[in-house]
Amino acid sequence: MNPGRGRGRGRGNFRDISSPAGQPNRRHHNSEPRGSSSGGKDRFVYAVKIKDGQISSDGKIGASSGVKSSIASELAHEENSTPFSAANCSASSHMIEERSQIAQTPTKFTDDDMKLKLDSSINLNISCQDVEISLTTKCGEKGGPSPLKGQKTPASDRKSENTEASSAFAPFDICPTKAGSVKLKPPLLAKNRERRNETKRVMEGPNGSVIRPGMVILKSHISLSDQVKVVKQCRDLGVGPGGFYQPGYRDGAKLHLNMMCLGKNWDPETSKYGDNRPTDGAKPPAIPSEFYQLVEKAIKDSHSLIQKEREAANVEELLPWMTPNICLVNFYSANGRLGLHQDRDESPESIRKGLPVVSFSIGDTAEFLFGDQRDVQEAKKIMLESGDVLIFGGYSRNIFHGVTSISADTAPKTLLEETNLRHGRLNLTFRQY
């Protein structure tokens, strides 16, 4: 039934409306009246019979305003089309009275009538529910039709779409400022212990060991003050053009870290270096001069350690000298990791000469694996703490290595106080292309 039309209950077809005895049938309704719905599922018959001058009603329901309007319309039609006469006037009055009686006649329901009405209502209700469920299901299904006009996309979907579209370009701040938070200073005891260790490191000189030919670890080699400077410089570069982002692959897989390239860009999808980052075309920032000085000092101290332990005449044969023009800065969160891999994307000449990779660790402690095969079970393990420097070149240049876990809350308290560094590990690896 169309909304706004025929608001009464009389929705069925009108038929068999006969004239008084001896008069021709002026209107014979075989089609649906105004206000009824064509093709309706709940049609029923409203029959008015005039027999021997008496009116009888077999209506399924009582006459409504829609029925009264229909009767009035028919009377108007008859008055306009029939010549005026006393007989006609009398007949019209008689019909008005009789039809008024029909409207006021109490409704009588039989068992068949109730069954018909009940069946019709059930069929119509089921049909409407089916349509509603069908529309709801189809609009909600993936790949189905778009939502009906007026429906809004859920906020979670909009957020997901916006995140996917901007994830490659959103800056990642390794030292975020927490609004409204109170900055707590580390306990005095912890600060004093860190100062004592720093003084001891300076007095004793390089503290480390040669792990294997061409591979050296320098423990607490970077002072706390230099660690603070490195973190602050990485933070400033990381929130600018070419800064930190989460690298990934075309199939949607993402690395479990955030990365920033200095000097040249490294693309994990192609495993090649370039002048610009493919995701946004950004040019990698330059390597700060202070970083060169730290790398140079680390290589010199490694040579001294090799010469002392191995009594080598020419230490550069075991660990060649290099001047970096590439630095990959990775930040591992508390659940960050990196599978076993080789660093072999530099130039063939660099790989052939065994020019070393110099790695700085700052922040939380990392579990570092390395070995000659890509086998976690056979790999050896060392712990890299904040301030440690790991160097591998020469014979060890092509080792498989990776990070399996990050130990939470192991970063120096003073470092966190001075920089507001996130929980996690900041790692800088220097190479010469």
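Throughout, a residue's number is its position along its own chain's written sequence, starting from 1. Restriction of local features to residues with pLDDT of at least 70 applies here, the model being predicted, together with a cutoff of 80 or more for giving and counting side-chain atom pairs; totals for whole chains, interfaces and linings are based on all residues. Hydrogens and water molecules were not included; the side-chain quantities draw on all heavy atoms of the structure.

**Student:** Sorry if this is basic, but what is going on with the pairing of strand E12 (residues 365-371) here?
**Tutor:** Consecutive residues of a regular strand have side chains that alternate between opposite faces of the sheet. Three labels apply to residues, based on accessible area from a 1.4 Å probe with only protein chains included: buried if under 20% of the type maximum, exposed if over 50%, partly exposed otherwise in between. Put simply, DSSP marks the helices as runs of H or I at least four residues long and the strands as runs of E at least two long, and each gets a number from the N terminus on. Within E12, 7 of the 7 residues are buried, which leaves the element mostly enclosed by the surrounding structure. Every second residue of E12 is oriented toward a common face, with Thr365, Glu367, Leu369 and Gly371 on one face and Ala366, Phe368 and Phe370 on the other, all of them buried. When DSSP finds two or more bridges between a pair of strands, those strands are recorded as paired. Note that E12 and strand E15 (residues 400-407) share 7 bridges and pair antiparallel. For Leu369, the partnering residue across the bridge sits in E15 and is Gly402.

**Student:** Whenever I open this one, the sheet that holds strand E13 (residues 380-384) confuses me. Can you help?
**Tutor:** Hydrogen bonds between backbone atoms are what pair the strands of a sheet, whose relative direction is either parallel or antiparallel. Reading across from one edge, E10-E15-E12-E13 is the order of the 4 strands in this open sheet, with antiparallel pairing throughout. In this open sheet, the two edge strands, each paired with only one partner strand, are strand E10 (338-341) and E13. Ignoring strand direction, the axes of neighbouring strands in this sheet form an average angle of 25°. Note that E12 and E13 share 5 bridges and pair antiparallel. Only the stretch in contact is used when fitting a helix axis, every axis being a line fitted to C-alpha atoms; angles between N-to-C directions are given from 0 to 180 degrees.

**Student:** Quick question: what am I supposed to make of helix H6 (residues 224-238) here?
**Tutor:** The α-helix advances 3.6 residues per turn, and as a result positions three or four apart in sequence lie on the same side. The terminal C-alpha atoms of H6 lie 21 Å apart, and with 15 residues this matches the ideal 21 Å at 1.5 Å per residue to within 8%. Every buried residue belonging to H6 is among Leu224, Gln227, Val228, Val230, Val231, Cys234 and Gly238, and all of these are buried. One side of H6 carries all its buried residues, which in axial view fall inside an arc of 165°. Exposed and facing more than 90 degrees away from the buried side of H6 are Lys229 and Asp236. Given the number of residues in a helix, its expected span is that number minus one, multiplied by 1.5 Å. This arc describes the spread of directions from the helix axis toward the C-beta atoms.

**Student:** Hey, could you run me through the packing of H6 against helix H7 (residues 289-310) in this one?
**Tutor:** Axis angle and axis distance: for two packed helices, these are the angle between their axes and the distance between the axes, and together they describe the pair. Between H6 and H7, whose axes approach to 11 Å, the crossing angle comes to 140°. As far as their axial angle goes, H7 and H6 are oblique. Crossing of H6 against H7: the hand is left-handed. Contacts between H6 and H7 involve Asp226, Val230, Gln233 and Cys234 on the former and, on the latter, Glu290, Phe291 and Leu294. Three categories are distinguished: nonpolar for Ala, Val, Leu, Ile, Met, Phe, Trp, Tyr, Cys and Pro, charged for Asp, Glu, Lys and Arg, and polar for the others, with Gly belonging to the last. Tallied by class, the residues present in the contact of H6 with H7 amount to 4 nonpolar, 1 polar and 2 charged. Roughly parallel means an angle under 35 degrees; roughly antiparallel, over 145; roughly perpendicular, 65 to 115; everything else is oblique. We call a crossing left-handed when the near helix sits turned anticlockwise from the far one by less than a right angle, and right-handed when that turn is clockwise. In this description, contact between two residues means that some pair of their heavy atoms is separated by no more than 4.5 Å.

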